[in-house]
Amino acid sequence: MNDWLEFYVRFFQTSEAATSFVAACEAKSPPDNTAKLIMHQTQRLVSLAEDIPRIRPERESLQAFLLVVCAEAVSKLDAGSGASIGSRAAVRRFFSSLVPSACHPFLESAFTTTSTTPNRTLSLQEVSDLFYEVRCDVAHEGVYWTLALSPNGAPYHTSKPGIMTRLTIADLIDAVARGGIAAAEKHL
């Protein structure tokens, strides 16, 4: 339990709240253990994303890939085994329904276009689709260098033509972890 708690404590107001969350998830057993599975998947995949800079520095696409895989897996676990949901739809669902709504305005304002309609912010669905495209680039083409995120929250070219971002990898990690927590809490 300490490994889980060490990871999750930073996403809660108090260590007691984190302990309560982890303990409640760990107490679940099959067949009603969706919260536990979501908690474990979130920690594993987010931690892997955080570890990537040690082996492949400046490869945000590889980090984003793992975070989007996490979003997809959590969304599908949350929807249940009876749900037939595609990968893109699962990623969209994760960002729109599982990531806390308090995070939505930041995610929506974090990406802007520089071409067709300059300074237009991307919608949450467009942001989700951008991340899904990165996932597909890595998973299907082995290309893990097509996305660059802001190193410090200042506007930055994403490597995607015509799109700037203020989003940092830490911001994306935070949103995905909080979405995983919210999904797990639904099943407690």
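Refer to the structure above for everything that follows.
This is a predicted model, so every value here is computed, not measured.

Each value, and the rule that gives it
- Residues numbered from 1 in each chain as written.
- Predicted model: local features only at pLDDT ≥ 70, side-chain atom pairs only at ≥ 80, totals over all residues.
- Heavy atoms only, no water.
- Helix = DSSP H or I, 4+ residues; strand = E, 2+ residues; numbered from the N terminus.
- Polar contact = N/O pair within 3.5 Å; in protein donor to acceptor, adjacent residues only side chain to side chain.
- Contact = heavy atoms within 4.5 Å.
- Buried < 20%, exposed > 50% of the residue type's maximum accessible area, 1.4 Å probe, protein only.
- Core = buried A, V, L, I, M, F, W, Y, C linked by side-chain atoms within 4.5 Å.
- Arc of directions from axis to C-beta.
- Phe/Tyr/Trp six-rings, centres within 6.5 Å; stacked < 30°, edge-to-face > 60°.
- Expected span 1.5 Å × (residues − 1).
- Salt bridge = Lys/Arg side-chain N within 4 Å of Asp/Glu carboxyl O.

Q: I keep staring at the side chain of Ser61 and nothing clicks. Help me out?
A: Positionally, Ser61 belongs in helix α4 (residues 60-79). Separated by 2.6 Å, the side chain of Ser61 and the backbone nitrogen of Leu147 make a polar contact. Setting aside residues no more than four positions away along its own chain, Ser61 makes contact with Val134, Val138, Tyr144, Trp145, Thr146 and Leu147.

Q: Please explain the environment of Ser159 as it appears in this structure.
A: Among the secondary structure elements, Ser159 is positioned in the loop between β2 (156-157) and β3 (163-165). Judged by relative accessible area, which is 48%, Ser159 ranks as partly exposed. Remark: the alpha-carbon pair of Ser159 and His187, spanning 28 residues in sequence, is separated by 38 Å.

Q: Looking at this structure, I do not really get the nonpolar core. What am I missing?
A: For soluble globular proteins, nonpolar side chains are generally found buried alongside one another. In terms of nonpolar packing, the biggest core is built from 57 residues, with Tyr8, Phe21, Phe95, Phe111, Phe131 and Leu172 touching the most fellow members. Excluding its chain neighbours within four sequence positions, the residues that come into contact with Phe111 are Arg120, Thr121, Leu122, Val127, Leu130, Phe131, Leu149, Thr158, Ile163, Met164, Thr165 and Leu167.

Q: Hey, could you run me through unusual backbone geometry in this one?
A: Most peptide bonds adopt trans geometry, and most residues besides glycine take a negative phi value. At the junction of Pro30 and Pro31, the peptide bond is cis and its omega measures out at 5° in the coordinates. Its location among the elements puts Pro31 in the loop between α2 (15-26) and α3 (34-55). One non-glycine residue, Glu58, adopts positive backbone phi at about 60°. In this structure, Glu58 sits in the loop between α3 and α4. Among the residues examined, Glu58 registers a relative accessible area of 70% and is labelled exposed. In this model, Ser159 sits at a positive phi of 85°, which is unusual for a non-glycine residue.

Q: It is not clear to me how helix α5 (residues 87-98) should be interpreted in this structure. Could you clarify?
A: Because the α-helix completes a turn every 3.6 residues, residues three or four places apart line up on one side. For α5, the set of buried residues is Ser87, Ala90, Val91, Phe94, Phe95 and Leu98. Angularly, the buried residues of α5 cover 125° about the axis, an arc narrow enough to put them on a single face. Taken together, the buried residues of α5 touch α4, α6 (104-109), α7 (124-141) and α8 (169-186).

Q: It is not clear to me how the packing of aromatic side chains should be interpreted in this structure. Could you clarify?
A: Tallied over the full model, the rule gives eight aromatic pairs. Consider the rings of Phe7 and Phe11, whose centres lie 5.5 Å apart with planes at 50°: the pair is tilted. With relative accessibility at 8%, the residue Phe11 sits in the buried group. What links up through ring pairs into an aromatic cluster is the set Phe7, Tyr8, Phe11, Phe12 and Phe21.

Q: What's the story with α4 in this structure? I'm lost.
A: Helix length check: α4 (20 residues) gives 28 Å between terminal C-alpha atoms against 28 Å at 1.5 Å per residue, within 8%. Of all 20 residues that make up α4, 16 are buried, and the element is covered over most of its length. Within two residues after α4, Gly80 carries a phi angle of roughly 95°, on the positive side.

Q: What am I meant to see in the pattern of salt bridges here?
A: Side-chain pairing between opposite charges can occur once the charged atoms of the two side chains come close. Inspection of the entire model under this criterion finds twelve salt bridges. Between Lys28 and Asp32 there is a salt bridge, with its nearest N and O atoms 3.4 Å apart. A salt bridge links Lys76 to Glu72; the nearest nitrogen and oxygen atoms lie 3.3 Å apart. In this pair, Lys76 and Glu72 are both assigned in helix α4, four residues apart and thus about one turn of the helix distant. Each of Glu72, Lys76 and Arg135 takes part in a single network of salt bridges with overlapping partners.

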